[in-house]
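Descriptive structure summary
Okay, here's what each chain looks like letter by letter:
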Amino acid sequence: MFLIDSGGMVRPAFAESDEHGVIAVGVYENEPKVFTTKDGKPAGIFIDILEHIAEQEGWRLRYVPGSWAEGLARLARGEIDLMPDVAFTAERAKIFAFHKEPVLSSWSQVYAKKGSGIRSILDLDGKKVAILKGSVQEETFVRLSESFNLQTEILAARDYAGAFAMVTIGDADAAISNSFFGFVHAKKYRLEDTAVVFNPSKLLFATPAGGSEEMLRTIDRYLVTLKRDRGSIYYTSLKRWMSEDVRFKIPIWLKMVGGALLAFLVLNLVGSLILKYQVNLRTDELRRINQEMEQRIVERTAQLAEINKEQTSIFETASTGIVLMRHRTAVHCNRKFEEIFGYGPGEMDGKPTRLWYPDDEADAIGGDPVYAQMGRGEIHRRTQQLIRQDGTLFWARISCRAFDKDAPLQGAVAIIEDITEEREAEERLRQALEKAQAADQIKSAFLATMSHELRTPLNSIIGFTGIMLQGLTGPLNPEQQKQMTMVQSSSRHLLALINDVLDISKIEAGQLTLSPGPFDLRVSLQKSLKLVAPLAEKKGVGLAADLPDHPLPIIADQRRIEQVVINVLNNAIKFTEAGQVRLSCRDGGDTFVLSFADTGIGIREEDIERLFQPFHQVDTGLARKREGTGLGLSICKKILDMMGGSIDVESRWGEGSIFIVRLPRQTGDSA
Amino acid sequence: MNNRLLIIEDNEQNLYLMRFLLEKSGFAIIGADNGKTGIATALQCRPLAILLDIQLPEMDGYAVAAELKRHSELDAVPIIAVTSYAMVGDRENILAAGATGYIEKPINPDTFVAEIIAYLPEGWKDDGD
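Residues numbered from 1 in each chain as written. Chains lettered and ligands numbered in written order. Predicted model: local features only at pLDDT ≥ 70, side-chain atom pairs only at ≥ 80, totals over all residues. Heavy atoms only, no water.

Here we come to the overall build of chain B. Along the backbone of chain B there are five helices and five strands. Secondary structure elements of chain B, listed N to C terminal, follow the sequence β-α-β-α-β-α-β-α-β-α. In summary, chain B has a C-alpha radius of gyration of 13 Å against a globular reference of 14 Å for 129 residues, a match within 12%. Dimensions along the principal axes, computed over C-alpha positions, put chain B at roughly 40 × 35 × 25 Å. Here chain B, with 129 residues, has 50% of them falling under the buried criterion. (Helix = DSSP H or I, 4+ residues; strand = E, 2+ residues; numbered from the N terminus. Rg over C-alpha atoms; globule rule 2.2 N^0.38 Å. Buried < 20%, exposed > 50% of the residue type's maximum accessible area, 1.4 Å probe, protein only.)

Written as structure tokens, this is what we have:
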């Protein structure tokens, strides 16, 4: 007989193996269901039943020992024909075939020391539970405790005995095993079963998928029959392996075994001692590993606590508000954050960030665009008006960033500063600047107006004085002539003052503009010399010129250049009591270099720096004998700066000065 | 011969000063102390040239110059601004407004008449009236 599986492979069925006369049966250690005795003979409830059937049916059995996992693997590969004590699960049903009538029913059960008080799974909260590593129990219990939200510490045990031992020596509060192991061994470990039971399962024989259906049907038929008969091998086996009392109540069995049993018991005792010794060794090892792990946990916990302490102190001492957000809700914030908003400790935790904003519109500003930016991994920054608990508004500088740019809503941190004072200071500064600028404009306008208003009467004074001095109104006697000349001189000085003040105010207001045009510098210099000649003549100071004999074409503001030249010449004459003033002009390529050399009083080194500042005259004081506003040189310097030229001075106190003026051939209006 | 000059100037002393100097040189002076009167007088008596102050009450010198320029019959009449250059951009504005030239205030009595004559159209002495 052949069975064809879905892959089309031909596989020998039970009948064929029977021809060879042997059924391969996996055996592993799971007392009392299936195990090997000390003398290497398979035993246990499943074995008793299987051997009973084999005897009746004429099957020949070959046992293949190994671990539980090895047995299952062999079964899956078809290397063995039958595996006892397999719990039925939907997953296993895909790779194995099972009969229907369960041999045994099993479940997982929690065992603890007597008087532990563990009555339900909830009592395991905060407890240490020892479980066989990689077992069904572990998987199920972890899932169970999670679903009940229990804080249970799982201690991994190498086998059920190890798990029980851990409870016995106090390393664990409870252990989990299958009900059969617990039933037989709990007492030995001074444990008792608790009412915590889960994961019930049916235990069956299994064959490889597509294995012999006839064999499975045969097993079912026997099981039904055996279970019906109280005196059958099924019940005697159960009693034999699961109750010592029962064992000693059967004198016939005792007799049969006789002295052999005694030897067996001795052997068993020795075996137990060895086992116990091995258990102790393993338990010690477990305890040591456990201690190491605990030590490590203690150390790591301390480290974490330290880091946590540092972070908390940074968090709490920060002078800015810090908040951790999730789904636009404040998860946690520091005290400063609450203070900025005027809330008490913890009052903002768990509240939506909408609370921070005065209205929905403001709230929207902190919404999508911000999260989009954080989603690009950037730090978002803005200033915005937020609202305090008492309803007052304040300006805040906000910056925030996502923990993970791919999920900014899942977690982000925001830092908030109350910048109300900063804003107010800025506003005051802005107002002060506006006021100052306005005052400056008023000053300039005032000076311009005053200058005009002063000039109008001055026009008459200068004009009529000139008319009289010209003799247009009739001849003057010498005294009248002298006095009218004084009036004329004074009024001209007054005019110069007014002009200077007007110029400096224009310069300082940035309103002085140049009007460049082409002209001959030599002509301008000659004109200027002619203008100052009367003053030099009057003071008895020589006026010399050293000019080239060809034209000096230049593009510049002629009026302003003449103003500068006349000013420097006048200055030189004023401060020279004897000797001469010499103007020379040199062609310096891109520039014309004018030098004004005098034999006057000179300038002290400490005064040179201040020479070109407004309202500065070298011999200041009540005894001032030179006329002038002290504005002239500063105006000259400003005008030359605007033209891209320069003015410098070389001087020695008492030995005279040389002023050097450089004029670019082509000047723009750099104002 | 047309020897009439119109002076638009609101300051009495300055008007007198310019009148005195120019009359001494043989010109006939018509004075106006505001822009409106000045424009009306110019249209009526066709002066040889117009001396125009810039700071004037109500209608300032710029507006007067612009208004005068709108009358083509005055095209040949030079407008000479007499100004103190008090405000920024005055010079440019005066020329832009239509003035032919300008004389700085305070005037220099020694050269004032010569400066005015320089602005008069060529052959002004020959013009019949």
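There's more to say after this.
What follows covers the nonpolar core. Most often, soluble globular proteins keep nonpolar side chains buried together rather than apart. Formed by 43 residues in total, the largest nonpolar core has its most connected members in L521(A), I561(A), L594(A), F596(A), F659(A) and L663(A). Formed by 28 residues, the second largest nonpolar core is a distinct cluster that contains I49(A), L50(A), W59(A) and L226(A). (Core = buried A, V, L, I, M, F, W, Y, C linked by side-chain atoms within 4.5 Å.)

Let us look at the sheet that holds strand β18 (residues 412-418) of chain A. Residues and elements named next belong to chain A. The strand order across the open sheet built from five strands is β15-β14-β18-β17-β16, with neighbouring strands paired in antiparallel fashion. Each edge of the sheet is formed by a strand with only one pairing partner; in this case those strands are β15 (329-333) and β16 (380-387). The mean inter-strand angle of the sheet, taken between neighbouring strand axes irrespective of direction, is 35 degrees. Judged from the seven bridges that link them, strand β17 (residues 393-402) and β18 form a sheet pairing that is antiparallel. (Pairing = 2+ DSSP bridges. Axes fitted to C-alpha atoms, helices over the stretch in contact; angles between N-to-C directions.)

Moving on, we get to helix α2 (residues 45-57) of chain A. Given 3.6 residues per turn, any residue in an α-helix points the same way as the ones three and four places further on. All names here are of chain A. Here α2 contains 13 residues, and its C-alpha end-to-end distance of 18 Å stays within 8% of the 18 Å for a straight helix at 1.5 Å per residue. Of the residues making up α2, those classed as buried are I45, F46, I47, D48, I49, L50, I53 and A54. In the segment just after α2, G58 is the residue with positive phi, at about 80 degrees. (Expected span 1.5 Å × (residues − 1).)

Moving on, we come to the side chain of T576(A). Residue and element names in this part refer to chain A. Examined against the element boundaries, T576 turns out to sit in the loop between α18 (558-574) and β22 (580-588). In this structure the side chain of T576 is engaged in a polar contact, spanning 2.6 Å, whose partner is the backbone oxygen of A572. Not counting the four nearest positions on each side in its chain, T576 is found in contact with K539, V541, V581, D598, T599 and G600. (Polar contact = N/O pair within 3.5 Å; in protein donor to acceptor, adjacent residues only side chain to side chain. Contact = heavy atoms within 4.5 Å.)

Our next topic: the packing of α2(A) against helix α9 (residues 233-242) of chain A. Residue and element names in this part refer to chain A. Contact geometry of α2 with α9 gives a least axis separation of 9 Å together with a crossing angle of 155 degrees. With respect to their mutual orientation, α2 and α9 come out roughly antiparallel. Handedness of the α2/α9 crossing: right-handed. In this structure, α2 uses I45, D48, I49 and H52 to contact α9, whose residues at the interface are I233, Y234, S237, L238, R240, W241 and M242. Residue composition of the contact of α2 with α9, grouped by class: seven nonpolar, two polar and two charged. (Parallel < 35°, antiparallel > 145°, perpendicular 65-115°, else oblique. Left-handed = near helix turned anticlockwise from the far one by under 90°. Nonpolar A, V, L, I, M, F, W, Y, C, P; charged D, E, K, R; others polar.)

By a frequent convention, interface size equals the accessible area lost on bringing the separate parts together. Taken domain by domain, chain A consists of domain 1 (319-418), domain 2 (424-506) and domain 3 (515-664). Placing the centre of domain 1 of chain A and that of domain 3 of chain A at their C-alpha centroids yields a distance of 67 Å. (Domains from an automatic or database assignment.)

What follows deals with the environment of A174(A). Turning to its location among the elements, A174(A) is positioned in strand β12 (residues 174-178). With residues near it in sequence (within four places) discarded, A174(A) still touches V110(A), Y111(A), A112(A), I118(A), L124(A), K128(A), V129(A), A130(A) and V167(A).

This part covers the packing of aromatic side chains. Residues and elements named next belong to chain A. Within this structure, the stated rule accounts for 16 aromatic pairs over all chains. Both rings, one in F88 and one in F98, keep their centres 5.1 Å apart while their planes meet at 70 degrees; by these two values the pair is edge-to-face. Placement of F88 in the loop between β7 (83-87) and α4 (90-95) and of F98 in strand β8 (residues 96-98) is noted, with a sequence separation of 10 residues between them. F88 gets classed as partly exposed once you look at its relative accessible area, which sits at 44%. The exposure class of F98 is buried, given its relative accessible area of 12%. Note on F141 and F198: the rings are 6.3 Å apart at their centroids and 35 degrees apart in plane angle, and the pair reads as tilted. (Phe/Tyr/Trp six-rings, centres within 6.5 Å; stacked < 30°, edge-to-face > 60°.)

Attention shifts here to the interface of chain B and chain A. With 22 residues of chain B at the interface, the matching set in chain A holds 22 residues. In total, chain B and chain A occlude about 2,100 Å² of area from one another, counting both sides; carbon and sulfur atoms represent 57% of this. For the pair chain B and chain A, the number of links is one salt bridge. E104(B) is the partner of R559(A) in a salt bridge, and the nearest nitrogen-oxygen pair spans 3.9 Å. Viewed at the interface, chain A and chain B are joined by eight residue pairs in polar contact (both at pLDDT 80 or more). Counting residues per element, the ones that place at least two in the side of chain B that touches chain A are α1 (12-24) and α4 (90-96) of chain B. Ranked by residue count, the leading element in the side of chain B that touches chain A is α1(B), at seven residues. Grouping the constituent residues of the side of chain B that touches chain A by class yields 11 nonpolar, five polar and six charged. (Buried area = accessible area lost by both parts, 1.4 Å probe. Salt bridge = Lys/Arg side-chain N within 4 Å of Asp/Glu carboxyl O.)

Glancing now at the environment of M348(A). All names here are of chain A. Tracing the backbone shows M348 in the loop between α12 (335-341) and α13 (360-365). Overall, the relative accessible area of 1% leaves M348 in the buried class. Through-space distance from the C-alpha of M348 to that of K638 is 62 Å; in sequence the pair is 290 residues apart.

This brings us to the environment of G162(A). Tracing the backbone through its elements, the reader meets G162(A) in helix α6 (residues 160-168). The sequence separation of G162(A) and Y222(A) amounts to 60 residues, and the corresponding C-alpha distance is 36 Å.

Our focus in this paragraph is the confidence of the model for chain A. All names here are of chain A. Model confidence for chain A is summarised by a mean pLDDT of 83, while 91% of its residues fall at 70 or above. In the predicted structure, residues 244-250 sits below a pLDDT of 50 and forms three contacts with residues beyond four places in sequence or in another chain. In this model residues 618-625 is a low-confidence stretch, pLDDT under 50, and it forms nine contacts with partners more than four residues away in sequence or in other chains. (pLDDT = per-residue confidence, 0-100.)

Residue and element names in this part refer to chain B. Every buried residue of helix α3 (residues 61-69) is accounted for by G61, V64, A65 and L68. Mapping the buried residues of α3 onto a view down its axis gives an arc of 100 degrees, with all of them on the same face. Looking at the buried residues of α3, the elements they touch are β1 (4-8), α2 (35-45), β3 (49-53) and β4 (79-83). Sitting at the amino-terminal end of α3 is D60, which places a side-chain oxygen 3.2 Å from the backbone nitrogen of Y62. (Arc of directions from axis to C-beta.)

Here we come to the sheet that holds β22(A). Residues and elements named next belong to chain A. Taken together, five strands build an open sheet; the order of strands is β20-β22-β23-β25-β24 and the sheet is mixed. Every other strand in the sheet has two partners, leaving β20 (542-546) and β24 (646-652) as the edge strands with one partner each. Here the strands of the sheet are splayed against their neighbours by 15 degrees on average, with no regard to which way each runs. In this structure, β20 lies alongside β22, joined through five bridges in parallel fashion. The partner of A544 across the bridge, within β22, is R582. Across the sheet, helix α20 (residues 632-643) is in contact with β24 and β25 (656-664); its angle to β25 comes to roughly 30 degrees.

In this model, K105(B) is joined to P106(B) through a cis peptide bond whose omega is 0 degrees. Examined against the element boundaries, P106(B) turns out to sit in the loop between β5 (101-104) and α5 (112-119). The backbone of D85(A) sits at a positive phi, close to 60 degrees, despite the residue not being glycine. Its place among the elements puts D85(A) in strand β7. Its identity as a non-glycine residue notwithstanding, R46(B) has a phi of 45 degrees, on the positive side. Its location among the elements puts R46(B) in the loop between α2 and β3. Look at R46(B) and you get partly exposed, because its relative accessible area is 42%.

Looking now at the pattern of salt bridges. Residue and element names in this part refer to chain A. All told, the structure shown has 30 salt bridges over all chains when counted by the stated rule. Measuring nitrogen to oxygen at the nearest pair gives 3.3 Å for the salt bridge that ties K33 to D85. A residue pair is termed long-range when its members are at least 10 positions apart, and K33 in the loop between β3 (23-27) and β4 (35-36) and D85 in strand β7 qualify at 52 residues. The same class applies to K33 and to D85, which are both buried. Through salt bridges with shared partners, a single ionic network connects R397, E417 and E422.

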